[in-house]
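# Secondary and tertiary structure notes
Okay, here's what each chain looks like letter by letter:
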Amino acid sequence: MTEAQIGIIKALRGGLPLCEEPFLEPAQKAGVSQDELLAQLKAWNADGTIRRFGAVLRHRRAGYSVNAMGVWNVPDDRIEEFGRAAAASEAVSHCYQRTRFSNFRYNLYTMIHGKSREGCENAARRISEETGIADYALLYTTKEFKKARPVYFASTSEA
Amino acid sequence: MPNVPGMLPDLTAPTPPGILVKRRIAKVLLVDDLDRRLLEIVQGDFPIAERPYRVLGECLGISERNALDRVRALANSGIIREIGPSFDARRLEHVTTLVAAKVPADRLDEAANSISAFAQVTHNYGRDHEYNLWFTLVCRDAEELERTLEEIKTKTGISDIHELPAERTFKLRVNLGF
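Residues numbered from 1 in each chain as written. Chains lettered and ligands numbered in written order. Predicted model: local features only at pLDDT ≥ 70, side-chain atom pairs only at ≥ 80, totals over all residues.

Along the backbone of chain B there are six helices and six strands. The buried share among the 178 residues of chain B stands at 26%. Once local pairs closer than 6 in sequence are excluded, the contacts in chain B between residues at least 24 apart make up 57%. (Helix = DSSP H or I, 4+ residues; strand = E, 2+ residues; numbered from the N terminus. Buried ≥ 20, exposed ≤ 12 C-beta atoms within 10 Å, placed from the backbone. Contact = placed C-beta atoms within 7 Å.)

Moving on, we get to the pairing of strand β5 (residues 136–147) of chain A. As paired elements, strand β2 (residues 66–72) of chain A and β5 of chain A share five bridges and run antiparallel to each other. Across the sheet, the residue bridging to A68 of chain A is Y140 of chain A, located in β5 of chain A. Here five bridges tie β5 of chain A to strand β3 (residues 121–127) of chain B, and the two strands are oriented antiparallel to one another. Within β3 of chain B, the residue paired with K143 of chain A across the bridge is G126 of chain B. (Pairing = 2+ DSSP bridges.)

The next thing to look at is the packing of helix α5 (residues 108–116) of chain B against helix α6 (residues 142–156) of chain B. All names here are of chain B. Contact geometry of α5 with α6 gives a least axis separation of 10 Å together with a crossing angle of 145°. For α5 against α6, the interelement crossing comes out right-handed. In this structure, α5 contributes A111, S114 and I115 to the contact, and α6 contributes I152, K155 and T156. Looking at the contact of α5 with α6 residue by residue, the class counts come to three nonpolar, two polar and one charged. (Axes fitted to C-alpha atoms, helices over the stretch in contact; angles between N-to-C directions. Left-handed = near helix turned anticlockwise from the far one by under 90°. Nonpolar A, V, L, I, M, F, W, Y, C, P; charged D, E, K, R; others polar.)

Attention now moves to unusual backbone geometry. The backbone of S102 of chain A sits at a positive phi, close to 25°, despite the residue not being glycine. Given 10 C-beta atoms within a 10 Å radius, S102 of chain A is considered exposed. Backbone geometry at E93 of chain B places phi at a positive 60°, although glycine is not the residue there. By secondary structure assignment, the location of E93 of chain B is in the loop between β1 (80–87) and β2 (95–101).

Right, let's get into the nonpolar core. Judged by nonpolar contacts, the single largest core of 40 residues is most densely connected at A86 and I112 of chain A together with I115, L133, F135 and L137 of chain B. If one sorts the elements of this core by residue count, strand β4 (residues 133–139) of chain B sits on top with six residues. Discounting chain neighbours no more than four positions away, the residues touching A86 of chain A are V92, C95, L108, T110 and I127 of chain A together with F170 of chain B. If you look at the next biggest cluster of nonpolar residues, it comprises 29 residues, including V42, Y53, L68 and F87 of chain B. (Core = buried A, V, L, I, M, F, W, Y, C linked by C-beta atoms within 7 Å.)

Turning to the interface of chain A and chain B, a few remarks are in order. Taken together, the 62 residues of chain A in the interface contact 70 residues of chain B. If you list the elements that add at least two residues to the side of chain A that touches chain B, you get α3 (34–47), β1 (50–57), α4 (79–87), β3 (92–98) and β5 of chain A. Looking at which element gives the most residues to the side of chain A that touches chain B, the answer is β5 of chain A, with nine residues. Classifying every residue of the side of chain A that touches chain B gives 31 nonpolar, 16 polar and 15 charged.

Another aspect to go through is the domain arrangement of chain A. Parsing chain A into structural domains produces domain 1 (3–47) and domain 2 (66–140). Each of domain 1 of chain A and domain 2 of chain A was reduced to a C-alpha centroid, and the two centroids are 39 Å apart. (Domains from an automatic or database assignment.)

Our focus in this paragraph is α6 of chain B. Residues and elements named next belong to chain B. Across its 15 residues, α6 extends 21 Å between first and last C-alpha, which sits within 8% of the 21 Å expected from 1.5 Å per residue. Within α6, burial applies to L145, T148 and I152. Along the axis of α6, the buried residues cluster in a sector spanning 65°; they form a single face. The exposed set on the far side of α6, more than 90 degrees from its buried face, consists of E143, E150 and T154. Against the buried residues of α6 lie β2, α5 and β4. (Expected span 1.5 Å × (residues − 1). Arc of directions from axis to C-beta.)

Another aspect to go through is the sheet that holds β3 of chain B. Taken in spatial order, the nine strands line up as β5(B)-β2(B)-β4(B)-β3(B)-β5(A)-β2(A)-β4(A)-β3(A)-β6(B) in an open sheet, and their pairing is antiparallel. Two strands bound the open sheet, and with one partner strand each, they are β5 (161–164) and β6 (166–172) of chain B. When the angles between neighbouring strand axes are averaged without regard to direction, this sheet yields 25°. In this sheet, β6 of chain B lies alongside β3 of chain A in antiparallel orientation, the contact comprising five bridges. Bridge pairing links C95 of chain A to K171 of chain B in β6 of chain B. Together, β5 of chain A together with β3 and β4 of chain B form the strand contacts of α5 of chain B, whose direction differs from that of β3 of chain B by roughly 170°.

Have a look at this one:
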C-alpha cells in the first residue's frame, strides 16, 4: 500500500458526503485529484480489493432477521467435504474452519440466517442430515454490542 | 400519487382502517417502489463516477436532483447509514480473527462495551453459551492483533479468552447488511 492509497482509504471512512459530487471531498482529504481517486476505486473494485461499494443499511428488511452461529464437530478427514456441503446451503453466509479450544470441541463455524429460530434450526438439521455430522450447536445472539465496518489503518488502539 | 422524494403519502384523507395501517407502515419505512429500486442499486453497486446521482437518475428515469434527494431522505430517516467501500481485509494486508470469551453474566454488558470501544473490534455479540461473548478483530498486522487482545484482557480482566483465526474459508458471502 502506498501512502496515497492509505490516504484514500482513510478519507472514505464514515462514507461519502451526500452531495452531487461526493468524491471531491475525499479526494481533497487524501491529497489526490478526483480522477486519481475514481481510477483507484475502480481498480480496487475490479480486482476485488473492494468487495462492494455501496450503502450500509441500518435495517435489514430482507426478512432474514435471526442469525445463529452454528458450530460443528467435524472429524479432520471430513472437513473438506463438510465445508463444501455447509457452504452450499443458502442459509449459510459464512463458513470457516477454526481451531478447537479447551473444552470447545467444534472446529467448523457457519453463520446461519433464518426468518426465525425454527428456520435456523431447520437449515442446520438439513446440513446435519445431508452430511451425517450430528454433533453441533447453534449459538444465538443474545445482544448485538457492535456491528461496524472495520477501521483500516487505525493509528490508535482505541476508537 | 406523484412520487415526491422523502414526502409522506397524504395521511389526512379518510380511509378504511386496513388501508390506514398500510400507510402507517409506509410512513415508518419511508420507502416507495422507486426508493426500493434505488436502494437496491445504491446498496450493491453505487456508481463510482464524478456525478453518481446523474448515473442513478439515468438508471431509474428520474433527475439527478431527485435521485440525490431520495438518497438524502433515506439517509435522514436512518435507512441508509453510510455509503462507501467494503474492503477485503486480506487484500489490505490486514489480519482478522474471531475471539471467544467467557464473561461472568453480571459483567457482560460492561465488558462488552469496553471491548466495543476498540476501533479494531468490528462485530461483538453476546451469545447463549458458556462462552457468552464473541467478537471479531481486524488489525494491521499480527503484532497489533496480539497487542489489542492483551489490552482487552488487561482492561476487562477476562482470562478465559480464545483467539480463533480462520484456518480455512469455505464461504464468505458479501453481506448486504453491511
